[in-house]
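Here is how the chains run, residue by residue.
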Amino acid sequence: MLKYITAGESHGKCMIAVVEGFPAGVRLDVEAINKELQRRQGGVGRGPRMGIEKDEIEVLSGVRKGMTMGSPICMKIKNYDSSIDQLPELTRARPGHADLAGAMKYGFHDMRNVLERASARETAARVAAGALAKTLLSDFGIRVLGYVRGIGGVVDETPAKDPDEVQRLRDSSSVFCLDKKAEKRMVERIKEVTEAGDSAGGLIEVTVYGIPPGLGSYTQWDQRLDGRLAAAVMSVQAIKGVEIGLGFRVAEKLGSEVHDCIFYDQKSRGDSPTGGFFRRTDHAGGLEGGVTNGEPIVVRAAMKPIPTLRKSLESVDLTTKKSAPAAAERSDVCAVPAASVVVEAVVSFEIARVFVEKFGGDSIQETRRNLEGYLKQVRSL
Ligand code: EPS
């Protein structure tokens, strides 16, 4: 089974991602992975730390002569700020951060022991694992694109139809959204929030293009792909809500407005991965019964504002038990653009996972053979 774990503290020596069960025979594209890591470091609203770090991977195992061998792939990202042992104690918990909950759980008095691992620095390792998964998916024509839909109440609902266009627009935006006017307003909003000593959250969307039907399963609760994707996305630091397709908007609409009518085109039967079946809308976000239906998967995530505020919130000092303003550490004001790269990465990994579960993943040749046989079966329905 394809899986990954991460290790490393925010100001420790490095971040690590170990990916297990990755097929043999894939060329490991270090440049493509580093490009994703650099994207994660960017976007308006990031704090001074990103000027210190230069995220790039060093591959420690699982690859020979540039090719994966089926063995665990260990990727290391060096931390340039590795001051963990010199940093002062943190005793004034930040509301919204893992500080207090973590201190109660582990019995720590110094909450730095919590924040070092709870920190979103860990997402650098997740992006490395997700970018690796994306190299596998791209071999099968599957594209995963994450972009920003909103920051601090400024919303961008530009349709995301064509993947080339989405990528072009996103990559030319300083906040990774699709509309120039919205970008300007989002940047202004981040500026206002920064001046006010506050922080801002936002909305992220990820679309998976070119996904074959039949991934995931309705036969058991933990095999439903919608649930698996929601868990993967919800596990990203600061994500408080996940939607698939219309998501929460289905609650106020009628059945005739929500469900995607089914059409069939005899002519495209031979070349479409769905054997000629298609939809004109994608309100289901590509998933029905927890199974892909061949339409693009659309996942949305709501990110809360960063808990570290220059204008500190009310809290309590763990040592004195007296009221005290929360600790104000160096931090980002808005990391929604960065989080869009992370959400894209975790969605990519989950899609790659379900893909090799269905088609086999000892080697890429095996995966390809099984996919081709399966698509033949779909076309003969
Ligand atoms: C974070 C606090 C900041 C962010 C960090 C997440 O770090 P520092 O305290 O070192 O300034 O920059 O994010 C990253 C380091 C990163 O790579 O994304 C936190 O407390 O969660």
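Source: prediction; values computed, not measured. Residue positions are counted from 1 within each chain, in the order its sequence is given. Local features in a predicted model are, by the rule used here, given only for residues with pLDDT of at least 70; side-chain atom pairs are given and counted only at 80 or more, and totals for whole chains, interfaces and linings are based on all residues. The side-chain quantities take in all heavy atoms of the structure and omit both hydrogens and water.

Attention now moves to the overall build of the protein chain. Note on conventions: DSSP H or I runs of at least 4 residues are helices, E runs of at least 2 residues are strands, and numbering of each starts at the N terminus. Assigned secondary structure in the protein chain consists of 11 helices and 17 strands. Throughout, radius of gyration means the C-alpha value; the globule benchmark is 2.2 Å times the number of residues raised to the power 0.38. Taken over C-alpha atoms, the radius of gyration comes to 22 Å for the protein chain, in line with the 21 Å a tight globule of 381 residues would show. Overall, the C-alpha framework of the protein chain stretches about 70 × 50 × 40 Å when taken along its three principal axes. Only protein chains enter the area calculation, which uses a 1.4 Å probe; residues under 20% of their type maximum are buried, those over 50% are exposed, and those in between are partly exposed. Across the 381 residues that make up the protein chain, the buried fraction comes to 51%. Excluding contacts between residues fewer than 6 apart, the proportion of contacts in the protein chain whose partners are at least 24 apart in sequence is 71%. Whether two residues touch is decided by their heavy atoms; if any such pair falls within 4.5 Å, the residues are in contact.

Structurally, Leu145 is set in strand β7 (residues 143–151). Given a relative accessible area of 4%, Leu145 falls into the buried group. The sequence separation of Leu145 and Ser348 amounts to 203 residues, and the corresponding C-alpha distance is 9.0 Å. Apart from the residues within four sequence positions on either side, Leu145 is in contact with Pro163, Val166, Gln167, Arg170, Glu205, Val206, Thr207, Tyr209 and Glu344.

This part takes up the packing of helix α5 (residues 123–138) against helix α10 (residues 336–359). Angles shown run from 0 to 180 degrees and are taken between the N-to-C directions of axes, each axis being a line fitted to C-alpha atoms and, for helices, limited to the stretch in contact. Contact pair α5 / α10: the axes reach a minimum separation of 7 Å and the direction vectors enclose 45 degrees. Between α5 and α10, the crossing angle belongs to the class labelled oblique. Here α5 runs over α10; the crossing is left-handed. In this structure, α5 contributes Thr123, Arg126, Val127, Ala129, Gly130, Ala133, Lys134, Leu136 and Leu137 to the contact, and α10 contributes Val341, Val342, Glu344, Ala345, Val346, Ser348, Phe349, Ile351, Ala352 and Val356. Class assignment of the residues belonging to the contact of α5 with α10 gives a composition of 13 nonpolar, three polar and three charged. The cut-offs work like this: below 35 degrees is roughly parallel, past 145 is roughly antiparallel, 65 to 115 is roughly perpendicular, and the gaps in between are oblique. For any pair of crossing helices, the crossing counts as left-handed if the nearer helix is rotated counterclockwise from the farther one by less than a right angle, and right-handed if it is rotated clockwise. Note on residue categories: nonpolar means Ala, Val, Leu, Ile, Met, Phe, Trp, Tyr, Cys or Pro, charged means Asp, Glu, Lys or Arg, and polar means any other residue, Gly included.

Summarising burial for β7: eight of the nine residues are buried, a large majority. Two elements, β7 and strand β9 (residues 202–209), share eight bridges in a ladder whose sense is antiparallel. Within β9, the residue paired with Val144 across the bridge is Val208. Pairing between two strands requires that DSSP report at least two bridges joining them. The pairing of β7 with strand β8 (residues 154–155) spans two bridges and is classified as antiparallel. Following the sheet pairing, Gly150 is matched in β8 by Val155.

Put simply, a residue is near a molecule or strand once any heavy atom of it comes within 4 Å of that molecule or strand. Surrounding the ligand, one finds His11, Arg40, Arg46, Arg49, Met50, Arg94, His97, Ser119, Ala120, Arg121, Arg330 and Asp332. In this structure, Arg46 approaches the ligand through a side-chain N or O atom, which is 3.2 Å from an oxygen atom. At 2.9 Å from an oxygen atom of the ligand is found a side-chain nitrogen or oxygen belonging to Arg121. Only the protein chains shown count as cover for residues, with accessible areas throughout obtained via the Shrake-Rupley method and a probe of 1.4 Å. Calculation on the ligand without its partners gives an accessible area of 470 Å², and the protein chains cover 93% of this total. The site holding the ligand turns out to be the largest pocket. A class-by-class count of the residues in the shell around the ligand yields two nonpolar, three polar and seven charged. Residues adjacent in sequence count toward polar contacts only when both atoms are side-chain atoms; beyond that, a polar contact is any pair of N or O atoms within 3.5 Å, and within protein one must be able to donate a hydrogen and the other to accept it. Think of a 1 Å grid over just the protein atoms. A cavity is a set of points where a 1.4 Å probe fits yet cannot get out, a pocket is an open set with protein on both sides within 12 Å along at least five of seven lines, and lining residues have an atom within 4 Å of a point. Whether a molecule lies in a cavity or pocket depends on its atoms, and more than half of them have to be within 2 Å of the grid points.

With 16 residues, helix α7 (residues 180–195) should cover 22 Å at 1.5 Å per step; its first-to-last C-alpha distance of 23 Å lies within 8% of that length. Where α7 is concerned, the buried positions are Ala182, Glu183, Met186, Ile190 and Val193. Viewed end-on, α7 has its buried residues packed into an arc of 100 degrees, placing them on one side of the element. Of the exposed residues in α7, the ones pointing more than 90 degrees away from its buried face are Lys181, Lys184, Lys191 and Glu195. Where α7 is buried, its residues contact β7 and β8. Expected helix span is given by 1.5 Å per residue-to-residue step, counting one fewer step than there are residues. This arc describes the spread of directions from the helix axis toward the C-beta atoms.

This next bit is on the pattern of salt bridges. A side chain of one charge can pair with a side chain of the opposite charge when the charged atoms of the two come close. Here a salt bridge means any side-chain nitrogen of Lys or Arg lying within 4 Å of a carboxyl oxygen belonging to Asp or Glu. Summed over the entire model, instances satisfying the criterion amount to 30 salt bridges. One salt bridge in this structure joins Arg46 and Asp332, with 2.8 Å as the shortest N-O distance. Remark: Asp332 occurs in the loop between β17 (323–325) and α10 and Arg46 occurs in the loop between α1 (30–41) and α2 (49–52); sequence separation between them is 286 residues. For Arg46, a relative accessible area of 19% corresponds to the buried category. Given the relative accessible area of 15%, Asp332 is considered buried. Residues joined by salt bridges that share partners form a network here, namely Glu36, Arg39, Lys134, Arg170, Asp171 and Glu344.

At their nearest, the axes of α10 and helix α11 (residues 364–379) sit 9 Å apart, and the two run at 75 degrees to each other. Judged by the inter-axis angle, α10 sits roughly perpendicular to α11. Of the residues in α11, those touching α10 at Phe355, Lys358 and Phe359 are Glu366, Thr367, Asn370, Leu371 and Tyr374. Looking at side-chain class alone, the contact of α10 with α11 contains four nonpolar, two polar and two charged residues.

Pairing within the open sheet is antiparallel, and its four strands lie in the order β1-β2-β6-β3. Each having just a single partner strand, β1 (3–7) and β3 (57–61) make up the two edges of the open sheet. Averaged over neighbouring strand pairs, the angle between their axes works out to 20 degrees when direction is ignored. Running over the sheet, α1 touches β3 and β6 (73–78) and is turned about 130 degrees from β3. Against the sheet, α5 engages β1, β2 (14–20), β3 and β6, with an angle of about 140 degrees to β6.

The next thing to look at is a nonpolar patch on the surface. Put simply, a patch holds well-exposed residues, over 30% relative accessible area, that have no salt bridge, with like charges counted together within 9 Å and Val, Leu, Ile, Met, Phe, Trp or Tyr side chains within 5 Å. On the surface, a cluster of nonpolar side chains totalling about 460 Å² of accessible area is made up of Ile262, Tyr264, Phe277 and Leu381. Residue placement: Tyr264 occurs in strand β11 (residues 262–264).

Spatial relationships are all this shows, so hold off on functional conclusions.
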